Amino acid sequence: MANEEDDPVVQEIKPKQQKVELEMAIDTLNPNYCRSKGEQIALNVDGACADESSTYSSKLMDKQTFCSSQSTSNTARYAAALYRQGELHLTPLHGILQLRPSFSYLDKADAKHREREAANEAGDSSQDEAEEDVKQITVRFSRPESEQARQRRVQSYEFLQKKHAEEPWVHLHYYGLRDSRSEHERQYLLCQGSSGVENTELVKSPSEYLMMLMPPSPEEEKDKPVAPSNVLSMAQLRTLPLADQIKILMKNVKVMPFANLMSLLGPSIDSVAVLRGIQKVAMLVQGNWVVKSDILYPKDSSSPHSGVPAEVLCRGRDFVMWKFTQSRWVVRKEVAAVTKLCTEDVKDFLEHMAVVRINKGWEFILPYDGEFIKKHPDVVQRQHMLWSGIQAKLEKVYNLVKETLPKKPDGQSGPTGLVSGDQRVQVARSKAQQNHALLERELQRRKEQVRASTVLPGVRIKEEPVSEEGEEEEEQEAEDEEPMDTSLGGGLHSRLANGLPGGRVAGGDSFNGHPPPGCAGTPVARELRAFVEATFQRQFVLTLSELKRLFNLHLASLPPGHTLFSGISDRMLQDTVLAAGCKQILVPFPPQTAASPDEQKVFALWESGDMSDQHRQVLLEIFSKNYRVRRNMIQSRLTQECGEDLSKQEVDKVLKDCCVSYGGMWYLKGTVQS
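This structure is a prediction, so every number in the text was calculated from the model and none was measured.

Definitions and cut-offs
Residues numbered from 1 in each chain as written. Predicted model: local features only at pLDDT ≥ 70, side-chain atom pairs only at ≥ 80, totals over all residues. Heavy atoms only, no water. Salt bridge = Lys/Arg side-chain N within 4 Å of Asp/Glu carboxyl O. Helix = DSSP H or I, 4+ residues; strand = E, 2+ residues; numbered from the N terminus. Pairing = 2+ DSSP bridges. Core = buried A, V, L, I, M, F, W, Y, C linked by side-chain atoms within 4.5 Å. Buried < 20%, exposed > 50% of the residue type's maximum accessible area, 1.4 Å probe, protein only. Contact = heavy atoms within 4.5 Å. pLDDT = per-residue confidence, 0-100. Patch = residues over 30% accessible without salt bridge, like charges linked within 9 Å, V, L, I, M, F, W, Y side chains within 5 Å. Areas by Shrake-Rupley, 256 points an atom, 1.4 Å probe, with all protein chains shown as cover. Polar contact = N/O pair within 3.5 Å; in protein donor to acceptor, adjacent residues only side chain to side chain. Axes fitted to C-alpha atoms, helices over the stretch in contact; angles between N-to-C directions. Parallel < 35°, antiparallel > 145°, perpendicular 65-115°, else oblique. Left-handed = near helix turned anticlockwise from the far one by under 90°. Nonpolar A, V, L, I, M, F, W, Y, C, P; charged D, E, K, R; others polar.

*Asks:* Looking at this model, I keep getting lost on the pattern of salt bridges. Mind explaining?
*Replies:* If charged atoms from side chains of opposite charge come close, those side chains can pair. Tallied over the entire structure, the rule returns 18 salt bridges. Among the ionic pairs, Asp575 bridges to Arg571, the shortest N-O distance being 3.5 Å. Residue Asp575 and its partner Arg571 are located together in helix H24 (residues 570–579), separated by 4 residues, close to a single helical turn. In this structure, Arg631 engages Asp652 in a salt bridge whose closest nitrogen and oxygen atoms are separated by 2.8 Å.

*Asks:* Explain the environment of Thr535 to me, please; I cannot follow it from the model alone.
*Replies:* Within the secondary structure, Thr535 sits in helix H22 (residues 523–538). In the structure, Thr535 is positioned 12 residues away from Leu547 in sequence and 8.4 Å away in space, judged by C-alpha atoms.

*Asks:* Any chance you could explain the sheet that holds strand S10 (residues 354–357) here in plain terms?
*Replies:* The strands that make up a sheet pair up through hydrogen bonds in the backbone, lying either parallel or antiparallel. In spatial order, the strands read S9-S11-S10; together these 3 strands make up an open sheet with antiparallel pairing. A single partner strand is all that each edge strand has here, and the edge strands are strand S9 (329–330) and S10.

*Asks:* Help me out: how do you make sense of the nonpolar core in this one?
*Replies:* Burial of nonpolar side chains together is a common tendency in soluble globular proteins. Counting 52 residues, the largest nonpolar core has Met250, Ile278, Trp289 and Phe324 as the members making the most contacts within it. Per-element accounting of this core gives the leading share, 8 residues, to helix H13 (residues 310–326). Beyond its immediate stretch of four places on either side in the chain, Ile278 contacts Ile246, Met250, Leu261 and Trp289. Counting 51 residues, the second largest nonpolar core, distinct from the first, contains Leu547, Val618, Val651 and Met665.

*Asks:* Whenever I open this one, the confidence of the model for the protein chain confuses me. Can you help?
*Replies:* Any region with low pLDDT has predicted coordinates that should not be read closely. On average, the protein chain scores 75 in pLDDT, and the residues at 70 or more come to 74%. Low pLDDT, under 50, characterises residues 9–16; the predicted model gives this stretch 5 contacts beyond four residues in sequence or across chains. Here residues 454–519 scores under 50 on pLDDT; set against residues more than four positions off or in separate chains, the count is 85 contacts.

*Asks:* What's the story with a nonpolar patch on the surface in this structure? I'm lost.
*Replies:* Taken together, the side chains of Tyr83, Leu88, Leu90, Leu210, Leu213 and Met214 define a hydrophobic patch exposed on the protein surface, amounting to about 650 Å² of accessible area. When residues of the nonpolar patch are traced back to their parent elements, those giving at least two are strand S4 (87–92) and helix H6 (206–213). Mapping Leu210 onto the fold places it in helix H6. With relative accessibility at 55%, the residue Leu210 sits in the exposed group.

*Asks:* Help me out: how do you make sense of the side chain of Asn288 in this one?
*Replies:* Mapped onto the elements of the fold, Asn288 is located in strand S8 (residues 288–291). Only 3.0 Å separates the side chain of Asn288 from the backbone oxygen of Pro367, close enough to count as a polar contact. Apart from residues lying up to four places away in sequence, Asn288 is in contact with Val255, Met256, Pro257, Met283, Phe364, Leu366, Pro367 and Asp369.

*Asks:* Got a minute to help me understand the pairing of S8 in this structure?
*Replies:* Successive residues of a regular strand alternate their side chains across the two faces of the sheet. Alternating positions in S8 separate into two faces, Asn288 and Val290 on one and Trp289 and Val291 on the other, with burial throughout. Bridge analysis of strand S6 (residues 255–256) against S8 gives 2 bridges, and the strand direction is antiparallel. Bridge pairing in S8 places Val255 opposite Val290. The sheet contact formed by strand S7 (residues 282–285) and S8 spans 4 bridges and is antiparallel. Bridge pairing links Leu284 to Trp289 in S8. Taken together, S7 and the strand that follows it, S8, pair antiparallel across an intervening segment of 2 residues, in which Gln286 is found at a positive phi of about 55°.

*Asks:* Mind showing me how you'd approach the sheet that holds S7 here?
*Replies:* Taken in spatial order, the 3 strands make up an open sheet running S6-S8-S7, and their pairing is antiparallel. With one partner strand each, in any of the chains shown, S6 and S7 form the two edges of the open sheet. Packing against the sheet, H13 makes contact with S7 and S8, and its axis sits at approximately 30° to S7.

*Asks:* Would you mind showing me how to read the pairing of strand S16 (residues 665–668) here?
*Replies:* Neither face of S16 is open: one carries Met665 and Tyr667, the other Trp666 and Leu668, and all of them are buried. Where strand S15 (residues 659–662) lies against S16, 4 bridges are found, and the strand directions are antiparallel. The residue bridging Val660 from the neighbouring strand is Tyr667, located in S16. The hairpin formed by S15 and S16 contains 2 residues between the paired strands, and Gly663 there has a positive phi angle of roughly 65°.

*Asks:* Help me understand the packing of H22 against helix H23 (residues 544–556) in this model?
*Replies:* Each pair of packed helices can be summarised by the angle the axes make with each other and by the distance between the axes. At a closest axis distance of 11 Å, the pairing of H22 and H23 adopts a crossing angle of 120°. Considering the angle they form, H22 stands oblique to H23. As H22 runs across H23, the sense of the crossing is right-handed. The residues of H23 that touch H22, namely those facing Leu528, Phe531, Thr535 and Phe536, are Leu547, Leu550, Phe551 and His554. For the contact of H22 with H23, the per-class residue count stands at 6 nonpolar, 2 polar and no charged.

What follows is the structure, given as structure tokens:
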């Protein structure tokens with residue numbers, strides 16, 4: 001202990017939460033109480049002499065101590081329920097303690113027994129032993145206790161036990177179940193609301209409520225038996241994202257037709273999403289999908305046979321896959337001669353995607369899938385381009401000579417319809433050209449129907465020939481079109497006619513080939529109008545840049561082929577915003593601002609139908625003349641326009657809806673430049 005002050009503290013362990021002890025009296029007059037057993041226990045604990053320090057002063061076990069223990073670590077899953085008058089009232093629990101009998105008196109009895117035995121042994125031995133010799137003793141004076149030593153002593157188990165034993169008992173008074181005090185406390189378990197009108201979240205299904213009340217415990221998930229790494233049940237697979245399901249299936253199966261993959265994923269899965277996902281983890285070989293090499297051989301892995309790094313293994317396996325795109329047969333010795341890999345590695349490559357035939361070589365394991373090739377020519381063309389890039393890389397690495405397709409061995413004929421990638425692309429392109437005229441006629445017919453359904457009385461629409469060049473010019477003109485002027489006019493309560501200039505409404509002009517958003521009969525206009533109204537009901541102030549970002553997120557959540565994918569220009573989006581009852585706020589940005597033009601276009605919902613419309617309009621009028629404003633100015637202007645009875649909560653609400661605070665100043669949302 002000489003270097004006690006220099007000894008560093010490695011770790012400090014905080015004591016656990018103190019336990020709660022409850023001492024309850026035992027009814028010794030009850031006929032079920034064994035009096036002789038109670039006296040024996042008191043005698044063993046306190047001995048024959050009873051004093052103030054005795055546990056049982058009445059020489060009878062007349063009380064029992066209960067000690068608390070933490071029943072669960074996660075109390076967020078539990079609630080106290082009270083059912084009254086057809087209503088279920090739930091109160092969340094923040095702590096649960098379980099009381100169990102404490103048998104500390106048995107420890108005292110054992111200690112007393114050991115003391116008596118030690119005293120008896122000392123008495124017997126003293127009669128036989130002679131008087132002990134006088135021994136020299138050394139006296140040491142303890143030095144002052146250091147701070148670290150004091151902290152260790154305070155945190156020790158003995159000190160905590162001693163402190164716990166010295167804590168005085170607190171006398172409690174028990175109230176029965178029917179007592180008025182108990183009934184008063186029970187009222188706190190009832191919801192104090194007058195009605196259930198405010199419970200707007202009670203719109204979930206019973207299973208969702210059950211999941212909210214009893215979420216899966218992480219401890220239970222850890223206790224589940226872990227399956228082997230190469231075993232995966234379909235039930236576990238269905239819980240994963242679609243991309244992970246495809247990756248796991250392809251990594252385990254190696255080669256699979258697209259139809260089999262769809263059957264494993266389930267009938268509710270969209271085939272377009274599966275096609276997108278499969279192209280990230282597999283390559284198309286003879287109409288079937290083969291898992292990519294970098295999926296099987298990650299970056300930092302190596303061969304278990306030769307120790308070759310993953311990059312070399314991926315290159316060799318890509319060569320085998322490319323050979324199977326050229327022919328159904330591959331000879332192992334030729335692959336080994338080109339890739340310079342050991343026999344075991346090459347054999348692993350071939351076993352992934354082929355079966356051996358005696359005296360013939362290795363044949364691709366699955367038959368040619370001509371149905372997939374015919375059904376998805378766009379995927380075939382994309383895969384052909386990828387294989388062309390891989391072929392160029394392999395030719396450079398292995399010094400291959402560009403040759404025509406290898407000839408099939410004598411007597412071996414490929415399956416019916418087995419053609420190269422170039423030939424398949426040519427077939428798909430010719431079919432597309434044949435259907436081009438039919439598609440143009442269908443497009444012309446649909447446009448005529450749209451024009452007929454959206455034409456206004458007394459308005460003539462100029463007919464123009466439909467061609468690819470004309471459509472491209474129209475799209476270019478729509479993109480180059482300058483945004484319309486939506487400046488605020490007049491005072492605070494001025495209005496625009498439906499948010500659009502009068503001439504535009506009467507004229508019935510089209511935007512990028514679409515009818516104006518005001519025409520409710522157009523599906524595109526209805527969908528766009530619904531998106532704009534729903535967005536501004538949630539966020540009262542938006543810049544054009546933020547609105548476009550939210551619209552792109554909305555498009556990403558829509559299924560393929562939705563009407564909004566037909567093309568929405570910035571002009572069409574702005575006109576729809578104005579038509580939905582919003583106004584453009586001309587915020588005076590500072591000259592040195594870094595905001596883009598789309599960030600300087602600010603739109604706000606003018607009327608939402610709630611009580612804060614007038615307050616919001618006053619606030620927007622302030623920001624049409626000021627880039628940033630102090631709160632006291634907003635408070636005084638609102639009080640001047642709306643009256644003296646304006647509360648702080650109402651001011652906070654309108655500021656929260658429309659503004660953001662930065663550096664002690666208030667800005668409209670989206671306009672602050674940090």
